Amino acid sequence: MNHLGIEVKLANTPKYDPGFIPMGVFNREFLKLATKPIAICVERGDGLRTVHKTKITGNNHEADRYFVERMVKFLLWARGGYKVIICGDEGVATYIKEAFSSTGKYAFDNVTMARVYERPFEVHSLPLEETPQENEQSKPVGGKTTGCRIGFDAGGSDRKVSAVIDGEAVFSEEVVWHPKITPDPDYHFEGIVSAMKTAASKMPRVDSIGVSSAGIYINNRTMIASLFLKVSPEDFEAKVKDIYIRAAKEIGDVPLAVVNDGDVTALAGAMEFKDTNVLGIAMGTSEAAGYVDENCQIKGWLNELAFAPVDASPNAMQDEWSGDIGCGVKYFSQDGVIKLAMKAGITFKDEMSPGEKLKQVQEMMKELKHKEMIQDIYRSVGCYLGHTLPYYWDMYGFKHVLLLGRVMSGEGGNIILDVAKKVIAEEYAGYSFNMHTPDERARRVGQSVAAASL
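Residues numbered from 1 in each chain as written. Predicted model: local features only at pLDDT ≥ 70, side-chain atom pairs only at ≥ 80, totals over all residues. Heavy atoms only, no water.

Draft legend 1. Structural context of the pairing of strand β10 (residues 168–176). Bridge count for strand β9 (residues 158–165) against β10 is 8 bridges, and the pairing is antiparallel. Pairing of D158 across the sheet is with V176, part of β10. What sits between the antiparallel neighbours β9 and β10 is a turn of 2 residues, in which D166 has the positive phi angle 50°. (Pairing = 2+ DSSP bridges. Helix = DSSP H or I, 4+ residues; strand = E, 2+ residues; numbered from the N terminus.)

Next up, the structure:
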C-alpha cells in the first residue's frame, strides 16, 4: 500500500479491512526517508510539557505535513495540552496553526482542549535550538483498601458498582443504561445516585467513593465526556460539571475521587499482577486508556486514545463526534466490532443500540453457521491491536498491557489476544511487553472494584 509516497507492507492484514495502514508502520517507513530534525512541544499548564523529538523529509511536503499533524493529534489526546509549539520548520508550523485553528481541519481538537484547560488553544513556532525543555510530573493514585468503600464505573452501555470492605468486594452489580443517547442530565444523575445507594446499603458505613468514568476530569469536575454527548451545553454547565460531586453528597460527607476510566483500568492491572508500568485499555462503548508509571503513579496525561489516530488509510472510518478518521474509537470499541460486522454482511435493526448490536454479534458466535465469520471479525480486531500496541509502546514504554471491556469478553476476547500476539511476534521484532486479560468477572466489574481504592 502506498500513501503520500510512503510504501507500507504488512504480512498480517484484517480480513474485513484490507486497506488498514497501521499508523506506527506508516511513521516507521516515513522516518526512513526523514533527515531534517524538528521537535513538537505540547504544554498543558503549570509549566508541564511533553517534547517529542523527531524528523521530517524537508522535501515531501505533503507527507511532512501529514506526519506532523497526526503526531500533534496523538500527543494532544495522549498527553493533553492547550499550547503546541513546532520547533525547526516554519512552514510546517504555519500549516499546523491553520489546521488546528477554531475553523480548521481539527477545530474539534482546538475547541475541546480550550474547554478542558479553560484557556485559548495556541500554536507557535520556534527555531529548533529554542526547543523548550520537557517537564513531566507524577502523582500517586489508588491503592487504598482499608474501610468501607464504594467503587462506581460509568460505562456507556452499563454502569457497575461495587461495595468493598478492607479490599474485598462484598457486592457488585451491573445495570444496563443509555447515557450516550439521553439528553436529560437528571437521568444520568439518578442512575449514579441509585448505584451508589445500592452499594452503600451493603455496608455498615461509607468511608469513601471512587468513580471511574469515561472522559476528562479535573478536581472531580467533568470537563468533557461522551457519556453526556446528547446533553445541551447549558445543562452540561448547570448539571453535569459537578454531577459526581452532587451525587456523592447524596450518600454523605465522604471523600470523593473521580478518575478517567482508562487510568483506573491501568490501576486495576497494577493491583492484579502486583507490578507497575501498566497501560490499561478498556474496549467497550469507546476506547478508554490509562497509564501508571514505574512508581505506580499517574502523569496527569489525558490518555484519551479514542481520539488518537491508529490508521493512516485515507479511507478509514470517520468518528462522528470529532469528525476525524482513523481514530482508535472505531477500532478498539464496540463500534469497531459493529463496523467489521457490517463489512462481513451482518445487518442490524435500526432501533438497536450499539451495545445490543455487539451482543447480537457475540450471540452469533454460538451458531455453527456463523461461527467462522464471527471469528474472522474478532481476528480483524486482533490484527488491529497487534499493529497498534507497538505504536503505543513507542509513546509510553509500558511493561504490561491490561485489556478489559465488553469487546474483550468471552471467546471473542481470547481470539483478539491470540491474534495480536501473533502479529507482534511476526512483524515487530524487539518489542517486549506482557499482554493480560483478567478473568471474565474482572473484565466486566474489575474497574469498579479498582475505583473503590481511589
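Picking up after the structure, the text goes on.
Draft legend 2. Molecular detail of the pattern of salt bridges. The full count for this structure, using the stated rule, is 29 salt bridges. We note a salt bridge from D153 to K160, for which the minimum N-O separation is 3.9 Å. Accessibility classification places D153 together with K160 in one group, the buried group. R379 is the partner of D376 in a salt bridge, and the nearest nitrogen-oxygen pair spans 2.5 Å. Of the two residues, D376 and R379 both sit in helix α11 (residues 368–396), 3 residues apart, roughly one turn of that helix. Given the relative accessible area of 31%, R379 is considered partly exposed. Bridged by salt links that share partners, the residues K15, E372, D376 and R379 form one connected network. (Salt bridge = Lys/Arg side-chain N within 4 Å of Asp/Glu carboxyl O. Buried < 20%, exposed > 50% of the residue type's maximum accessible area, 1.4 Å probe, protein only.)

Draft legend 3. Spatial organisation of the pairing of strand β13 (residues 221–224). Across 3 bridges, the pairing between strand β12 (residues 216–218) and β13 is antiparallel. Residue pairing across strands places Y217 opposite T222, the latter belonging to β13. Counted along the chain from β12 to the antiparallel partner β13, the turn is 2 residues long, and its residue N219 has a positive phi close to 55°.

Draft legend 4. Representation of the sheet that holds strand β8 (residues 148–154) in the model. The strand order across the open sheet formed by 5 strands is β10-β9-β8-β11-β14, and the pairing between neighbours is mixed. Of all strands in the sheet, those with a lone pairing partner are β10 and β14 (256–260), marking the two edges. Taken pair by pair, the neighbouring strands of this sheet meet at an average axis angle of 15°, ignoring direction. Each of β8, β9, β10 and β11 (208–213) is contacted by helix α5 (residues 185–200), which is oriented at about 25° to β9, the strand it contacts most. Strand contacts of helix α8 (residues 261–273): β11 and β14, with the helix running at about 95° to β14, the strand carrying the most contacts. (Axes fitted to C-alpha atoms, helices over the stretch in contact; angles between N-to-C directions. Contact = heavy atoms within 4.5 Å.)

Draft legend 5. Representation of the sheet that holds strand β6 (residues 122–126) in the model. Strand order in this open sheet of 4 strands is β4-β3-β5-β6, and the pairing throughout is mixed. Two strands lie at the open edges of the sheet, namely β4 (49–56) and β6, each paired on one side alone. Shown here is a sheet whose adjacent strand axes are inclined to one another by a mean of 20°, direction ignored. As defined by bridge partners, strand β3 (residues 36–43) adjoins β4 across 8 bridges and the pair is classed as antiparallel. By the bridge assignment for β4, E43 is matched with R49.

Draft legend 6. Layout of the packing of aromatic side chains. Following the criterion strictly, the structure yields 27 aromatic pairs and no others. Ring centres 6.5 Å apart and planes at 85° place the aromatic pair F332 and Y384 in the edge-to-face group. Of this pair, F332 sits in the loop between β17 (297–298) and α9 (334–343) while Y384 sits in helix α11, placing them 52 residues apart in sequence. Of the two residues, F332 and Y384, both sit in the buried class. Each residue in the set F20, Y331, F332 and Y384 is aromatic and connected to the rest through ring pairs, giving one cluster. Lying over the aromatic face of F236, R115 brings its terminal NZ or CZ to 4.4 Å of the ring centre. If you follow R246 out to its NZ or CZ, it ends over the ring of F189, 4.4 Å from the centre. (Phe/Tyr/Trp six-rings, centres within 6.5 Å; stacked < 30°, edge-to-face > 60°. Lys NZ or Arg CZ within 6 Å of the ring centre and 35° of its normal.)

Draft legend 7. Up close: the packing of helix α1 (residues 23–32) against helix α2 (residues 61–78). The interhelical angle for the contact between α1 and α2, taken along N-to-C directions, is 135°, at an axis separation of 11 Å. As the angle between them shows, α1 and α2 are arranged oblique. α2 is crossed by α1, and the crossing has left-handed handedness. Of the residues in α2, those in contact with M23, F26, N27, F30 and L31 of α1 are A63, D64, Y66, F67, R70 and M71. Of the residues in the contact of α1 with α2, the class split is 8 nonpolar, 1 polar and 2 charged. (Parallel < 35°, antiparallel > 145°, perpendicular 65-115°, else oblique. Left-handed = near helix turned anticlockwise from the far one by under 90°. Nonpolar A, V, L, I, M, F, W, Y, C, P; charged D, E, K, R; others polar.)

Draft legend 8. Seen up close, α9. By the criterion of burial, α9 is predominantly enclosed, with 8 of the 10 residues buried. If you check which residues of α9 are buried, you get Q334, D335, G336, V337, I338, K339, L340 and A341. Contacts from the buried residues of α9 go to α10 (354–364) and α11. Where α9 starts, the residue carrying a side-chain oxygen 3.1 Å from the main-chain nitrogen of D335 turns out to be S333. Two residues or fewer after α9 comes G345, characterised by a positive phi angle close to 105°. (Polar contact = N/O pair within 3.5 Å; in protein donor to acceptor, adjacent residues only side chain to side chain.)

Coordinates in, geometry out; function isn't part of it.
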